[in-house]
Amino acid sequence: GAVVSQHPSRVICKSGTSVKIECRSLDFQATTMFWYRQFPKKSLMLMATSNEGSKATYEQGVEKDKFLINHASLTLSTLTVTSAHPEDSSFYICSALPAREPGGEQYFGPGTRLTVT
Amino acid sequence: QQQVKQSPQSLIVQKGGIPIINCAYENTAFDYFPWYQQFPGKGPALLIAIRPDVSEKKEGRFTISFNKSAKQFSLHIMDSQPGDSATYFCAASKSTGFQKLVFGTGTRLLVSP
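Residues numbered from 1 in each chain as written. Chains lettered and ligands numbered in written order. Predicted model: local features only at pLDDT ≥ 70, side-chain atom pairs only at ≥ 80, totals over all residues. Heavy atoms only, no water.

Caption draft 1: Spotlight on the overall build of chain A. Looking only at helices and strands, chain A features zero helices and 11 strands. Tracing chain A from N to C terminus, the helices and strands come up as β-β-β-β-β-β-β-β-β-β-β. Whereas a compact globule of 117 residues would reach a radius of gyration of roughly 13 Å, chain A reaches 13 Å, a difference of no more than 12%. Along the longest, intermediate and shortest principal axes, the C-alpha atoms of chain A span 40 × 25 × 20 Å. Going through the 117 residues of chain A one by one, you find that 52% of them count as buried. Contacts in chain A between residues at least 24 apart in sequence constitute 55% of all its contacts with a sequence separation of at least 6. Of the accessible surface of chain A, which amounts to about 5600 Å², a share of 52% is contributed by carbon and sulfur atoms. Across chain A, the mean location of the 12 positive side-chain charges is 7 Å away from that of the 10 negative side-chain charges. (Helix = DSSP H or I, 4+ residues; strand = E, 2+ residues; numbered from the N terminus. Rg over C-alpha atoms; globule rule 2.2 N^0.38 Å. Buried < 20%, exposed > 50% of the residue type's maximum accessible area, 1.4 Å probe, protein only. Contact = heavy atoms within 4.5 Å. Areas by Shrake-Rupley, 256 points an atom, 1.4 Å probe, with all protein chains shown as cover. Lys, Arg positive; Asp, Glu negative; His and termini not counted. Charge placed at Lys NZ, Arg CZ, Asp CG, Glu CD.)

Below you can see the structure in the form of structure tokens.
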């Protein structure tokens, strides 16, 4: 089956620093990747849609200058949380849509737990 | 119109019971309806998905019932086991364009031994 990995799985950073989260599709190419945020006991909230080679599309209310997304290749998208603050602490999850299966299943990564102190 | 409403918020059943989780959507352009299972600290995993051309789909112990006219769909878990205790999310999307998933609010299921 298709596998999506995220790195790191957990990260603790100090307020004001930036942290990068990687999302990789391990055995397929993904023209589209999605980034979600999930607070404890809440649903997944879509932050942005990332398309390879083009700028990400952000959902309403998501600050694009704070959450920088780069989709430089068909297997890698990165989310950088810039100048992180405690309120950015959350569970960040990516998903990838295989290029070979338009209209098909999205594959989710295992998530990254970000804690900002 | 982008919302997907999910109920109940939480559910407790005994082992062997059949929990039922319901979802309702508004956007008639949605044509892909997946259900995800999520364990604490993990990403969601696809359980089963349905498209509007069928009214029911079964995979193992999991069944989706779909009512297009009512814009509702539900998940049934047959012979539930303690290992099924998790949070379940329904979702909906279009199968063209950006294919953004709209998630329900989630149902925390506890299956007691």
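Caption draft 2: The environment of P8 of chain A, seen in detail. Residue and element names in this part refer to chain A. Along the polypeptide, P8 turns up in the loop between β1 (4-7) and β2 (10-13). By relative accessible area, P8 is classed as buried at 17%. It is 6.2 Å that separates the C-alpha atoms of P8 and T112, two residues lying 104 residues apart in sequence. P8 has contacts with K20, I21, G111 and T112, leaving out every residue within four places of it along the chain.

Nothing here speaks to function; it is all geometry.
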